Amino acid sequence: MIRYALVGIGILAIIPIAWFAWWLLSPIFTTNEVYEDFPNAARAVVPEGMSRADVEATMALAAASDSPADEAMPAALMESTAAPQDLVKAAGNFRDADSFHKGSGNAFIYELSSGERILRLDEFRVTNGPDLRVLLANTPDPESHGDLDDSGYHELGKLKGNVGAQNYDIPDSVPLSDVESVVIYCKPFRVVFSVATLAKAEG
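Along each chain, residue indices are assigned from 1 in the same order as the chain's sequence is written. Reporting in this predicted model follows two pLDDT cut-offs: at least 70 for local features of residues, and 80 or more for side-chain atom pairs to be given and counted; totals over whole chains, interfaces and linings ignore these cut-offs and use all residues. Only hydrogens and water are removed before side-chain values are computed, so all heavy atoms of the structure are retained for them.

Looking now at unusual backbone geometry. One non-glycine residue, Glu123, lies in the positive phi region at around 50°. Tracing the chain through its elements places Glu123 in strand 4 (residues 117–126). Burial status follows relative accessibility: with a 1.4 Å probe on protein chains alone, a residue under 20% of its type maximum counts as buried, one over 50% as exposed, and anything between as partly exposed. On the basis of relative accessibility, which here comes to 63%, the residue Glu123 falls in the exposed class. The phi angle at Asp131 is positive, at roughly 50°, despite the residue not being glycine. With respect to the secondary-structure elements, Asp131 resides in the loop between strand 4 and strand 5 (132–137). Numbering of helices and strands starts at the N terminus; helices are DSSP runs of H or I of at least 4 residues and strands are runs of E of at least 2.

This is the structure:
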């Protein structure tokens, strides 16, 4: 009888351990793709012959340029986006944190015509992991939890997907003048997965 009781206790103990191990390890073997429209592109009518990605790329390039464009934006697109152009405040490219934690793609910080600020991840891919978070760090090249703690950072929330194109709201309380990089960070293990050092727009 005691033997059977011990077996039952052992099984009950294994269940939460197995669940926790699955929660930690399963993201490594899965890909979570999340594709979101750029806020203005989401409101735009897509002209004939253009894809939604073409619209987004055209608008991002126009917003990043301070000089008049040599090539006019398609008329149908101009008609559907009457709001002032959004401004690129900073931009950078994601890179690997180490040989296992890899990342690529682009990070843009936009100030929208509405006054809101967003972080835009584009053509983005990072090694998946448990409970990944998106951070704005006050240092250009953090390599560890200690670097983040020493310089300071702002968490924008959970990473929506380890592949895709995504938007993250930046609270008004975050001073963009202090932000030097975008960090993908594993909260349970306190590990940096990828970093995009930001170059800031002039003015």
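This part takes up the pairing of strand 5. Counting buried residues in strand 5 gives six out of six residues, a clear majority hidden from the surface. Of the two faces of strand 5, the one carrying Leu132, Val134 and Leu136 and the one carrying Arg133, Leu135 and Ala137 are both buried. The pairing of strand 5 with strand 8 (residues 181–186) spans six bridges and is classified as antiparallel. Bridging across to strand 8, Arg133 finds its partner in Tyr185. Pairing between two strands requires that DSSP report at least two bridges joining them. Bridge analysis of strand 5 against strand 6 (residues 153–158) gives five bridges, and the strand direction is antiparallel. Bridge pairing in strand 6 links Arg133 to Lys158.

Once that is clear, we can look at the pattern of salt bridges. Salt bridges are identified by distance alone: a Lys or Arg side-chain nitrogen within 4 Å of an Asp or Glu carboxyl oxygen. Scanning the model with the defined rule gives six salt bridges in all. Residues Glu36 and Lys160 are paired through a salt bridge, measuring 3.1 Å at the closest nitrogen-oxygen approach. On the criterion of sequence distance, the pair formed by Glu36 in the loop between strand 1 (33–35) and helix 2 (39–43) and Lys160 in the loop between strand 6 and strand 7 (163–170) is long-range, its members being 124 residues apart. The shortest N-O distance in the salt bridge between Asp131 and Arg133 comes to 2.8 Å. Connected through salt bridges with shared partners, the residues Asp131, Arg133 and Glu155 form a single ionic network.

So, about the pairing of strand 7. By the criterion of burial, strand 7 is predominantly enclosed, with seven of the eight residues buried. Sheet topology note: the strand 1/strand 7 ladder contains three bridges and is parallel. By the bridge assignment, Val34 is partnered in strand 7 with Gly164.

What follows is about the nonpolar core. Residues Ile109, Leu119, Leu136, Leu159, Val182 and Ile184 are the most contacted members of the largest nonpolar core, which totals 24 residues. For this core, the secondary structure elements donating two or more residues are strand 2 (87–96), strand 3 (103–111), strand 4, strand 5, strand 7, strand 8 and strand 9 (191–197). We call two residues in contact whenever any of their non-hydrogen atoms come within 4.5 Å of each other. Setting aside chain neighbours within four positions, we find Val182 in contact with Phe94, Ala107, Leu119, Val134, Leu135, Leu136, Ser194, Val195, Ala196 and Leu198. Here, nonpolar core means buried Ala, Val, Leu, Ile, Met, Phe, Trp, Tyr and Cys residues that are tied together by side-chain atoms lying within 4.5 Å of each other. In this structure, Val183, Tyr185, Val192 and Val195 belong to the second largest nonpolar core, which totals seven residues.

The next point concerns the packing of aromatic side chains. The relation between two aromatic rings is expressed through the spacing of the ring centres and the mutual angle of the planes. Side-chain rings of Phe, Tyr and Trp (the six-membered ring for Trp) are treated as a pair once their centres are within 6.5 Å; stacked means planes under 30 degrees apart, edge-to-face means over 60, and tilted covers the remaining angles. Scanning the model with the defined rule gives three aromatic pairs in all. On the numbers, 4.6 Å between centres and 65° between planes, the contact of Phe38 with Tyr110 is edge-to-face. Of the two residues, Phe38 is situated in the loop between strand 1 and helix 2 and Tyr110 in strand 3; the sequence distance between them amounts to 72 residues. Where Phe108 meets Tyr110, the ring centres are 5.8 Å apart and the plane angle is 40°; that geometry is what we call tilted. In this structure, Lys160 is placed above the aromatic ring of Tyr168, and the distance from its NZ or CZ to the ring centre is 4.8 Å. Criterion for a charge above a ring: Arg CZ or Lys NZ at most 6 Å from the ring centre, at most 35 degrees from the ring normal.

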